[in-house]
Amino acid sequence: QVQLVESGGGLVQAGGSLRLSCTPSGRTFRRYAMGWFRQAPGKEREFVAAISWSGGTTYYADSVKGRFTIGRDNAKNTVYLQMTSLRPEDTAVYYCAAGGSASTPARGYADWGQGTQVTVSS
């Protein structure tokens, strides 16, 4: 079982940056692919980015390409989401997830964090 904890969310102005982190609450390590998803109030959960265990393969939603970067540090079993040029439409709760391979569908991930709020003011 993997327990994931997101951190780094907050309130920023449009054009600002935030760095989200996702780490296991314990010390267990496995070769998981990782993904980031987000959900705004009244909206469906949507894919943001994913990364393979090695870090050699990444995927991004069209809405965040060129602005967000996903990375990982396997020594810490941690995945990051560096967000720049933030827009009000990026406002959502952001969730990290662990799965067997990098993929876009939510069904590909078995373990999920509790989420961290990102709010971007106009």
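Data block above holds the structure.
Thresholds, definitions, all that
- Residues numbered from 1 in each chain as written.
- Predicted model: local features only at pLDDT ≥ 70, side-chain atom pairs only at ≥ 80, totals over all residues.
- Heavy atoms only, no water.
- Helix = DSSP H or I, 4+ residues; strand = E, 2+ residues; numbered from the N terminus.
- Rg over C-alpha atoms; globule rule 2.2 N^0.38 Å.
- Buried < 20%, exposed > 50% of the residue type's maximum accessible area, 1.4 Å probe, protein only.
- Core = buried A, V, L, I, M, F, W, Y, C linked by side-chain atoms within 4.5 Å.
- Contact = heavy atoms within 4.5 Å.
- Pairing = 2+ DSSP bridges.
- 1 Å grid on protein atoms, 1.4 Å probe; cavity = no way out; pocket = protein on both sides within 12 Å on 5 of 7 lines; lining within 4 Å.
- Points joined across faces, edges and corners; volume = space filled by probe spheres on them.
- Nonpolar A, V, L, I, M, F, W, Y, C, P; charged D, E, K, R; others polar.
- Phe/Tyr/Trp six-rings, centres within 6.5 Å; stacked < 30°, edge-to-face > 60°.

1. Some thoughts on the overall build of the protein
No. 1: The number of helices and strands found in the protein is zero helices and eleven strands.
No. 2: The N-to-C order of helical and strand elements in the protein reads β-β-β-β-β-β-β-β-β-β-β.
No. 3: Here the C-alpha radius of gyration of the protein, 13 Å, is about what a compact globule of 122 residues would show, namely 14 Å.
No. 4: Taken along its principal axes, the extent of the C-alpha atoms in the protein is 40 × 25 × 25 Å.
No. 5: Each of the 122 residues in the protein was classed as buried or not, and the buried ones make up 43%.

2. Describing the nonpolar core
Side chains of a nonpolar character, in soluble globular proteins, are inclined to be buried together.
No. 1: In this structure, M34, W36, V48, F68, L81, M83 and Y94 are the most contacted members of the largest nonpolar core, which totals 33 residues.
No. 2: At the level of secondary structure, the elements contributing two or more residues to this core comprise β3 (18-24), β4 (33-39), β5 (46-51), β7 (68-73), β8 (78-83), β9 (92-99) and β11 (116-121).
No. 3: Discounting chain neighbours no more than four positions away, the residues touching V48 are W36, F37, R38, Y59, Y60, A61, V64, F68, L81 and Y94.

3. Quick look at the pairing of β11
No. 1: Only one face of β11 is covered, namely the face carrying T116, V118 and V120; the face carrying Q117, T119 and S121 is uncovered.
No. 2: Alignment of strand β2 (residues 10-13) against β11, held across four bridges, turns out to be parallel. Across the sheet, residue Q13 finds its bridge partner in β11, namely S121.
No. 3: Sheet topology places β9 next to β11; three bridges connect them, and they run antiparallel. Across the sheet, the residue bridging to A92 is V118, located in β11.

4. Here's the deal with empty space enclosed by the protein
No. 1: According to the stated counting rule, one finds one cavity of 30 Å³ or more in the structure shown.
No. 2: For the largest cavity, the calculated volume is near 40 Å³.
No. 3: What lines the largest cavity is simply V2, L4, Y32, M34, N77 and A98.
No. 4: Counted by class, the lining of the largest cavity contains five nonpolar, one polar and no charged residues.

5. Let's talk about the packing of aromatic side chains
No. 1: Here the structure, examined in full by the defined rule, presents four aromatic pairs.
No. 2: Ring centres 5.0 Å apart and planes at 50° place the aromatic pair F37 and W112 in the tilted group. One end of the pair, F37, is in strand β4; the other, W112, is in strand β10 (residues 109-112), and 75 residues separate them in sequence.
No. 3: According to the relative accessible area criterion, F37 is buried, its value standing at 2%.
No. 4: Judged by relative accessible area, which is 26%, W112 ranks as partly exposed.
No. 5: Measuring from centroid to centroid gives 6.2 Å for Y109 and W112, while their planes differ by 70°, and the two rings are edge-to-face.

6. A closer look at the pairing of β5
No. 1: Across the six residues that make up β5, a large majority, five, are buried.
No. 2: Between β4 and β5, which pair antiparallel one after the other, the connecting turn spans six residues, and G42 there sits at a positive phi close to 75°.
No. 3: As judged from the three bridges shared by β5 and strand β6 (residues 58-60), these two strands associate in the antiparallel manner. Bridged to A49 within β6 is Y60.
No. 4: A loop of six residues connects β5 with β6, the two strands running antiparallel in sequence, and G55 in this loop sits at a positive phi of about 85°.

On their own, these measurements won't tell you what the molecule is for.
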